[in-house]
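# Structure assessment
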Amino acid sequence: MKIAVLPGDGIGTEIVAQAMKVLEALRSDGVKIETEHGYIGGAGYDHAGDPYPEATAKLAQEADAVLLGAVGGYQYDTLPRAMRPEQGLLRIRKGLELFANLRPALLYPELASASTLKPEVVAGLDIMILRELTGDIYFGQPRGIRTLDNGERQGFDTMHYSESEIRRVAHVGFQIAMKRNKKMCSVDKANVLDTSMFWREIVTEVAKEYPQVELSHMYVDNAAMQLVRAPKQFDVILTGNIFGDILSDEASMLTGSIGMLPSASLDKNNKGMYEPSHGSAPDIAGKDIANPLATILSAAMMLRYTFNDETNAARIENAVKKALAQGYRTGDIYTEGTTKVGCNAMGDAVVAAL
Ligand code: IPM
Ligand code: MG
């Protein structure tokens, strides 16, 4: 298993170090893991003048999987857009054609009281958000800031989805639904956007190949509302890049903390990039208080989806559950009566449980 490790910025280095400890533990058990580190985001800019340096692109291309921390930091906020850390992330997604972004929102029973929603609303929650990741308004051209004939300046972006882009991600969605509760809700804004009308048409067509899956459609504004009203109505949510960006942040908070949510971004051969759903949290970087569990759980997803190693994926997930059951909590999921620990100690607790 050849893994490119890209810690990135902010808390990225701390949380990836914890996931590395877990991988090291597996390695000492005989799992054949090879890792190599690279720079991305602000770290790429600092070391090579580019948020996605050539050397990192090569490393990522040659690896079977990428483990990523997070990118971004205040010191980069004033750089021109092409040099900003987020561009590193968008370019690696696009460059590796990682079009299928899986963001599970799973509530660990121990954390029901850490959610801002009532425990009965979120107890047993298990949603899989499938976000299309390489199309939509994120990448559509033209875009920019222009001056109109009347002299007024205007910012503009372009939203579009081609049929093949919708088809391939819809297939992934239906296949995931087949392995779960066979329900898929496709989220769009078909009452306003042509792109969404087309999205709905194609998803409905693809659905004919999966008659066992119950497909529904929902407008994104309603979906945002339903996610906090009655989130357990959802099994798989299939949606485009921008709606998925927003809804996955919302869904993550149902589980108590965005610090708990892993993600997988897959290409058509299940090569993948694995990263926590959260960002680089520069405000708490270097303080040893970040929650490393989303990154550790991302490593579990890597074993499952890219390396087909369900045994060790489940081992990691069970170790996380055990550490939680033992009462260990980072600040973001701390509740009275539990044991508050730092990022490092949480990593150690998971390794010990493993
Ligand atoms: C995410 C992030 C990224 C996105 C940013 C950092 C570019 O919010 O992974 O959800 O918008 O996709
Ligand atoms: Mg986001």
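Sequence order as written defines residue numbering, which begins from 1 separately in each chain. Chain A is the first chain written and ligand 1 is the first ligand written, with later ones labelled in order. Totals for whole chains, interfaces and linings use every residue, but because this is a predicted model, local features are given only for residues with pLDDT of at least 70 and side-chain atom pairs only at 80 or more, for both listing and counting. Only heavy atoms go into the side-chain values, all of them from the structure, while hydrogens and water stay out.

So, about the overall build of the protein. Under the scheme used here, helices are H or I runs from DSSP no shorter than 4 residues and strands are E runs no shorter than 2 residues, and both carry numbers assigned from the N terminus. Helices and strands together make up the secondary structure of the protein, namely 12 helices and 14 strands. A compact globule built from 354 residues should have a C-alpha radius of gyration of about 20 Å, and the protein, at 20 Å, falls within 12% of that. Viewed in the frame of its principal axes, the protein has a C-alpha envelope of about 60 × 50 × 40 Å. Expressed as a percentage of its 354 residues, the buried residues of the protein come to 54%. Here the open area of atoms and residues is found with the Shrake-Rupley method and a 1.4 Å probe, where only the protein chains shown may cover a residue. Put simply, the protein shows about 15,200 Å² of open surface, and 52% of that area lies on carbon and sulfur atoms. All tallies of charge rest on Lys and Arg as positive and Asp and Glu as negative; His and the ends of each chain are not included. Taken as the charge location is NZ of Lys, CZ of Arg, CG of Asp or CD of Glu. Across the protein, the 36 positively charged side chains and the 45 negatively charged ones have centroids separated by 3 Å. For a compact globule the rule gives 2.2 Å times the number of residues to the power 0.38, and the radius of gyration it is set against comes from C-alpha atoms. Partly exposed residues are those whose accessible area sits between 20% and 50% of the maximum for their type, while under 20% is buried and over 50% is exposed, using a 1.4 Å probe and protein chains only.

Any residue with a heavy atom positioned within 4 Å of a molecule or strand is treated as near that molecule or strand. Ligand 1 sits among Glu86, Leu89, Arg93, Arg103, Arg131, Tyr138 and Asp245. Pairing of N or O atoms within 3.5 Å defines a polar contact, subject to two protein rules: one partner must be a possible hydrogen donor and the other a possible acceptor, and residues neighboring in sequence count only if both atoms are side-chain atoms. Separating an oxygen atom of ligand 1 from a side-chain N or O atom of Arg103 is a distance of 2.8 Å. Within the side chain of Arg131, one N or O atom sits 2.8 Å away from an oxygen atom of ligand 1. Considered on its own, ligand 1 offers 320 Å² of accessible surface; in the complex 76% of this is hidden by protein. Looking at the shell around ligand 1, the element that brings in the most residues is helix α4 (residues 85–95), giving three residues.

This brings us to the environment of Gly44. By the secondary structure assignment, Gly44 is in helix α2 (residues 42–48). Expressed as a C-alpha distance, the spacing of Gly44 and Gly272, which sit 228 residues apart in the sequence, is 20 Å. It only takes one pair of heavy atoms within 4.5 Å for two residues to be counted as in contact. Excluding its chain neighbours within four sequence positions, the residues that come into contact with Gly44 are Tyr39, Gly49, Asp50, Pro51 and Pro53.

This part is about the side chain of Ser252. Relative to the elements of secondary structure, Ser252 occurs in helix α9 (residues 241–254). Among residues more than four places away in sequence, those in contact with Ser252 are Ser257, Ile258 and Leu261.

Moving on, we come to the pattern of salt bridges. Salt-bridge detection follows one rule: a side-chain nitrogen of Lys or Arg within 4 Å of a carboxyl oxygen of Asp or Glu. The full count for this structure, using the stated rule, is 19 salt bridges. In this structure, Arg304 engages Glu310 in a salt bridge whose closest nitrogen and oxygen atoms are separated by 2.7 Å. On the basis of relative accessibility, which here comes to 21%, the residue Arg304 falls in the partly exposed class. Look at Glu310 and you get partly exposed, because its relative accessible area is 43%. The network of salt bridges with common partners includes Asp77, Arg84 and Glu86.

Moving on to the domain arrangement of the protein. Domain delimitation follows an automatic or database domain assignment. If you check the domain split of the protein, you get domain 1 (1–99 + 271–354) and domain 2 (104–266). Relative placement of domain 1 and domain 2: their C-alpha centres are 23 Å apart. Between domain 1 and domain 2, the residue contacts involve 29 residues of the former and 28 residues of the latter. Arg168 is the partner of Glu97 in a salt bridge, and the nearest nitrogen-oxygen pair spans 4.0 Å. At the junction of domain 1 and domain 2, the tally comes to 12 residue pairs in polar contact (both at pLDDT 80 or more). Among the secondary structure elements, those contributing two or more residues to the side of domain 1 that touches domain 2 are α4, β12 (272–274), α10 (293–305) and α11 (310–325).

Our next topic: the sheet that holds strand β10 (residues 236–239). Sheets are built from strands that pair by backbone hydrogen bonding, the pairs being arranged parallel or antiparallel. A sheet is described by the order of its strands in space; here 10 strands give the open sequence β2-β1-β3-β12-β11-β4-β5-β10-β8-β9, paired in mixed fashion. The outermost strands of the open sheet, each flanked by one partner alone, are β2 (34–37) and β9 (214–219). Strand-to-strand twist across the sheet, computed as the mean angle between neighbouring axes with direction ignored, equals 25 degrees. Any two strands with at least two DSSP bridges between them are considered paired. Bridge count for strand β1 (residues 2–8) against β2 is four bridges, and the pairing is parallel. Bridging across to β2, Ile3 finds its partner in Thr35. Contacting β5 (126–132), β8 (183–188), β9 and β10, helix α7 (residues 194–207) runs over the sheet at an angle of about 175 degrees to β9. In this analysis, axes come from line fits to C-alpha atoms, helices being fitted only over the stretch in contact, and the angle between any two N-to-C directions falls in the range 0 to 180 degrees.

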